[in-house]
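Fold and geometry: a report
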Amino acid sequence: MKNIVGTLLLVAASVFTQAQNSLLSQKVSELNFYQLPYEYSALEPVIDALTVETHYSRHHKAYFDNFMKLAADLKFSEMTLGEVFSKASSYPAGVQNNGGGYYNHILYWEILKPGNRKGMSPALNSAITRDFGTIDNMIAQLNDAALKRFGSGWAWLVVEGNGKLKIGSTPNQDNPLMDVSDFKGIPLIGIDVWEHAYYLKYLNKRGEYVKNFWSLVNWEVVSTLYDEAIKKQ
Ligand code: MN
């Protein structure tokens, strides 16, 4: 399993080439806070501007700041982000909480990026059809994973080492790239189900937020992530 995860990390290194140059292969000391590529109001009416502003400039920023402090204190600044995830179990929980918080939110903002909505690629479309029957069925399963995650966490669509698409969830800010996670793969979609992601507008109605989330998904970005994830398999 270790070997498979190692391979996944190498492949995933190119996942965020559009956002940050090879995010997972960057040394922690070279990481920057993510630049949100759109206005806070860009996801309205599904996600309101105040939620995006608070989520990005306070929550996401705090994860990054805390992660960089931990890197200095625990002396892992010269490791890559991918290496840190693959060895998360050897560090205090703050490393997975804040390192995951930094990475997971970059994926979240990227796949919700407005514009360039040319739709899903034929390759991703056929992979989803192959593994879930229909796109609606995949969405229903991911929504179900998001609703069943008790408390704070994330629901994911990932590619496994064998190229198969899979749905699952993780608690807190864990992600499927971490050795501590039972659910592993290269993330293509991550739905943040922490209350801070939806509570201002949706209150306790997580189901409504998750249902509406799909109208924002930028399938062109998700298709690119899929292409990069399977390229080296
Ligand atoms: Mn969040």
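Residues numbered from 1 in each chain as written. Predicted model: local features only at pLDDT ≥ 70, side-chain atom pairs only at ≥ 80, totals over all residues. Heavy atoms only, no water.

Of the protein atoms, only H55 (NE2), H105 (NE2), D192 (OD) and H196 (NE2) coordinate the manganese ion, at distances of 2.0 to 2.1 Å. For the manganese ion, the donor residues sit on a single chain with the sequence spacing H-x49-H-x86-D-x3-H. Note that H55 is positioned in helix 2 (residues 49–74) and D192 in strand 3 (residues 186–192), a separation of 137 residues in sequence. By relative accessible area, which is 1% here, H55 ends up buried. (Donors = N, O, S within 2.8 Å, 3.2 Å for Na, K, Ca; no water. Helix = DSSP H or I, 4+ residues; strand = E, 2+ residues; numbered from the N terminus. Buried < 20%, exposed > 50% of the residue type's maximum accessible area, 1.4 Å probe, protein only.)

Tallying each qualifying case throughout the model produces seven salt bridges. Residues R130 and D131 are paired through a salt bridge, measuring 2.8 Å at the closest nitrogen-oxygen approach. Its salt-bridge partner being E160, residue K166 comes within 3.1 Å of it at the nearest N-O pair. Under the relative-accessibility criterion, E160 is labelled buried at 19%. (Salt bridge = Lys/Arg side-chain N within 4 Å of Asp/Glu carboxyl O.)

Next up on the list: the environment of I230. Structurally, I230 is set in helix 9 (residues 219–231). Note on I230: relative accessible area 28%, which makes it partly exposed. For I230 and G161, which are 69 residues apart along the polypeptide, the C-alpha to C-alpha distance reads 8.6 Å.

The next point concerns the sheet that holds strand 2 (residues 165–171). If you trace the three strands from one edge of the open sheet to the other, you get 2-1-3, paired in antiparallel fashion. The open sheet has two edge strands, strand 2 and strand 3, and neither has a second partner. Each adjacent strand pair in this sheet contributes to an overall mean axis angle of 25 degrees, direction not counted. Lying on the sheet, helix 9 is in contact with strand 1 (153–159), strand 2 and strand 3; it crosses strand 3 at an angle near 145 degrees. (Pairing = 2+ DSSP bridges. Axes fitted to C-alpha atoms, helices over the stretch in contact; angles between N-to-C directions. Contact = heavy atoms within 4.5 Å.)

A word on the side chain of N175. Tracing the backbone through its elements, the reader meets N175 in the loop between strand 2 and strand 3. A residue is classified by how much of its surface remains accessible, and N175, at 0% relative accessible area, is buried. At 2.8 Å, the side chain of N175 forms a polar contact with the backbone nitrogen of L177. Leave out the neighbours within four places in its chain, and N175 touches F85, G100, Y103, N104, W156, T170 and S181. (Polar contact = N/O pair within 3.5 Å; in protein donor to acceptor, adjacent residues only side chain to side chain.)

Summarising the model, the protein chain shows a mean pLDDT of 91, and 89% of its residues fall at 70 or more. Here residues 1–15 scores under 50 on pLDDT; set against residues more than four positions off or in separate chains, the count is 31 contacts. Confidence over residues 17–21 falls short of pLDDT 50; this stretch has 14 contacts with residues more than four positions distant or in other chains. (pLDDT = per-residue confidence, 0-100.)

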